[in-house]
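# Observations on chain architecture
Next come the chains, spelled out residue by residue.
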Amino acid sequence: AEPLLTCLRLEPEAQKLASLQALSAADWQAAIEQARRYDVVALLFWQVRKLAEQINLPPADWQALHASFVGGTGRSLLLYRHLAEILRRLAAEGVPVILLKGLHLAKWVYPEAALRPMADIDLLLRQEHLPRAAEALRGLGYDYLREFKLSRELRRHQHIPPLCQPGKAPVELHW
C-alpha cells in the first residue's frame, strides 16, 4: 500500500512533490490498482493533479485517473439530480428529512462531490413519516426489492428495505 499512501498523504507541496517524483512507473501502477480496490481513484487524481507535469506519472495512467474523476463527477451529479427530485417530492408531502452518511459528507466535507463515492441515498426522518415517505417514493417509480412488515423492521433495523428504481441509486429511509 506504500505507493498509494505516498500519493494520498497530506504534506507540504514541496515534500509531496519529492515523494511523488521518487515513484516509478511500477509504483504508479500499484497505486492506481490499490486506489481502484479501495474506491479512492478520484481522491488519488485530486491529490496529484496540481503536480502532474512535474512527476513521472505515465500519460496513460494520468488519462485513466482523469477519466475516473470525470466519471465520478458525472455519477455524483446524477445522484444529486435524483436526490433533488426526491427531496422536492418529500417536501410536497410534508416529510422533513436530513441527509445522512455519504450525501452529507460529500456536500459539506469534501471539496468535490466526486471525492466521496456513493452507492445509495440515505435519508433520516421521523418514524411516523416512514409510510408517507415510502409512498411518495413509490409515486416517483421506486419500489421495494422485498416484502416486509413495518413492525418487524422497526424492531430489528435502523431503516426499512431500500427503495429502488432501475438506473437510480437505491434510497434508504432511516429513522
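Quick note: structure is the one above.
Summary of the structure given here. (Residues numbered from 1 in each chain as written. Predicted model: local features only at pLDDT ≥ 70, side-chain atom pairs only at ≥ 80, totals over all residues. Heavy atoms only, no water.)

### Describing the nonpolar core
Ile-86, Ile-121, Leu-123, Leu-137, Val-171 and Leu-173 are the most contacted members of the largest nonpolar core, which has 25 residues in total. At the level of elements, α5 (59-92), α6 (101-108), β2 (121-124), α7 (130-139) and β5 (171-174) are the ones that each hand at least two residues to this core. Excluding residues within four positions of it along the chain, Ile-86 makes contact with Ile-121, Leu-123, Leu-137, Leu-140, Tyr-142 and Val-171. (Core = buried A, V, L, I, M, F, W, Y, C linked by side-chain atoms within 4.5 Å. Buried < 20%, exposed > 50% of the residue type's maximum accessible area, 1.4 Å probe, protein only. Helix = DSSP H or I, 4+ residues; strand = E, 2+ residues; numbered from the N terminus. Contact = heavy atoms within 4.5 Å.)

### Points about the packing of aromatic side chains
On inspection of all chains with the given rule, the structure shows three aromatic pairs. Geometrically, the ring pair formed by Trp-46 and Phe-69 is stacked, given 6.0 Å between the ring centres and 25° between the ring planes. Here Phe-69 lies in helix α5 and Trp-46 lies in helix α4 (residues 41-48), a separation of 23 residues in the sequence. Residue class for Phe-69 comes out buried when judged on its relative accessible area of 10%. Ring-pair connections join several aromatic residues into one group, and the members of that group are Phe-45, Trp-46, Trp-62 and Phe-69. Directly above the ring of Trp-46 sits Arg-49, whose terminal nitrogen or CZ lies 3.6 Å from the centroid. (Phe/Tyr/Trp six-rings, centres within 6.5 Å; stacked < 30°, edge-to-face > 60°. Lys NZ or Arg CZ within 6 Å of the ring centre and 35° of its normal.)

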